[in-house]
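This is what each chain is made of:
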Amino acid sequence: MLCPKHPQEALLTGQLEAGLTSHSCPTCHGSWVAADDYQTWQPTHADPSIRVSNLTVPINHSGDFQPSRYDNRAGLCPNCGFYLVRGRINLQKTAFFIERCPGCKGTWYDDGEWALLDKLGLSAYIPVLFTDEWHSYVRSAEAEFRERTATAEKLGTDIAEKLFELAKLLEQHPNGDFGVAYLMRRFEK
Ligand SMILES: [Zn+2]
Ligand SMILES: [Zn+2]
């Protein structure tokens with residue numbers, strides 16, 4: 001098998017982590033995981049009761065991550081030669097793509113991507129990250145994140161935090177709309 005990003009390089013078989021067979025490129029340190037190998041590893045790491053809405057939204061990751069310089073390069077499946085389909089993962093400071101073959105469902109992780117997905121608690125849910133349900137969940141969480149960020153920029157963090165807390169309290173209260181109406185009246189003047 002050849003590296004999707006360096007077609008002159010043969011992939012070397014190893015383990016991405018204990019019990020997970022992978023094939024890695026000695027040049028870019030990206031790793032290929034065959035669908036069968038993933039399916040062997042996944043059941044012992046995934047919580048079957050977890051729902052998409054319980055998964056961590058990557059936009060909440062505020063840490064630093066430097067995507068591989070090969071992340072933007074299109075790649076061919078080392079197994080069947082199809083173009084790999086890219087799934088965009090947005091972090092607070094940057095974004096990267098995970099890649100999957102539409103034919104054999106094998107996945108490719110550029111250097112560092114698997115470790116980060118693992119850290120986010122998403123490595124055992126890779127197939128979910130390519131579903132419409134995940135995309136719509138992430139889109140609304142990202143919209144909320146941007147709205148909160150913009151609010152904090154306008155009002156300052158202290159007031160913004162109080163406002164979010166109040167909004168949550170009003171949302172949960174059966175007469176919460178009275179509180180909203182009060183605020184609206186105060187600002188009608
Ligand atoms: Zn490579
Ligand atoms: Zn394939």
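See the structure above.
The following paragraphs examine the structure supplied in this document.

Cut-off values and rules
- Residues numbered from 1 in each chain as written.
- Chains lettered and ligands numbered in written order.
- Predicted model: local features only at pLDDT ≥ 70, side-chain atom pairs only at ≥ 80, totals over all residues.
- Heavy atoms only, no water.
- Donors = N, O, S within 2.8 Å, 3.2 Å for Na, K, Ca; no water.
- Tetrahedral: all angles 85-135°; square planar, octahedral: opposite > 155°, others 65-115°.
- Helix = DSSP H or I, 4+ residues; strand = E, 2+ residues; numbered from the N terminus.
- Buried < 20%, exposed > 50% of the residue type's maximum accessible area, 1.4 Å probe, protein only.

1. Things to note about the coordination of the zinc ion (ligand 2)
Ligation of the zinc ion (ligand 2) by protein atoms is provided by Cys 77 (SG), Cys 80 (SG), Cys 101 (SG) and Cys 104 (SG), these donors lying 2.0 to 2.3 Å from the ion. In this structure, the zinc ion (ligand 2) is coordinated by 4 donor atoms arranged in tetrahedral fashion, with angles at the metal of 104 to 119°. All donors of the zinc ion (ligand 2) belong to a single chain; written as a sequence motif, their spacing is C-x2-C-x20-C-x2-C. Placement of the pair is Cys 77 in the loop between α1 (35-41) and β4 (85-90) and Cys 101 in the loop between β5 (95-100) and β6 (107-109), with a sequence separation of 24 residues. A residue is classified by how much of its surface remains accessible, and Cys 77, at 5% relative accessible area, is buried. Among the residues examined, Cys 101 registers a relative accessible area of 0% and is labelled buried.

2. A closer look at the coordination of the zinc ion (ligand 1)
Summarising the metal site, the zinc ion (ligand 1) is bound by the protein donors Cys 3 (SG), His 6 (ND1), Cys 25 (SG) and Cys 28 (SG), whose distances to it range over 2.2 to 2.3 Å. Considering all 4 donor atoms around the zinc ion (ligand 1), angles at the metal cover 105 to 119° and the coordination shape is tetrahedral. Mapping the donors of the zinc ion (ligand 1) onto the primary sequence yields the spacing C-x2-H-x18-C-x2-C. By relative accessible area, which is 6% here, His 6 ends up buried.

3. A word on unusual backbone geometry
If a residue is not glycine, its phi is most likely negative; likewise, a peptide bond is most likely trans. Even without glycine at this site, His 29 takes up a positive phi of about 60°. The class for His 29 is partly exposed, based on a relative accessible area of 48%. In this model, Lys 105 sits at a positive phi of 65°, which is unusual for a non-glycine residue. When you line up the elements, Lys 105 lands in the loop between β5 and β6. Look at Lys 105 and you get partly exposed, because its relative accessible area is 42%.

4. Notes on the environment of Leu 183
Mapped onto the elements of the fold, Leu 183 is located in helix α5 (residues 176-188). The class of Leu 183 is partly exposed, set by a relative accessible area of 33%. Sequence spacing of Leu 183 and Arg 51 is 132 residues, and the spatial spacing of their C-alpha atoms is 36 Å.

The quantities given are spatial measurements derived from coordinates; they are silent on function.
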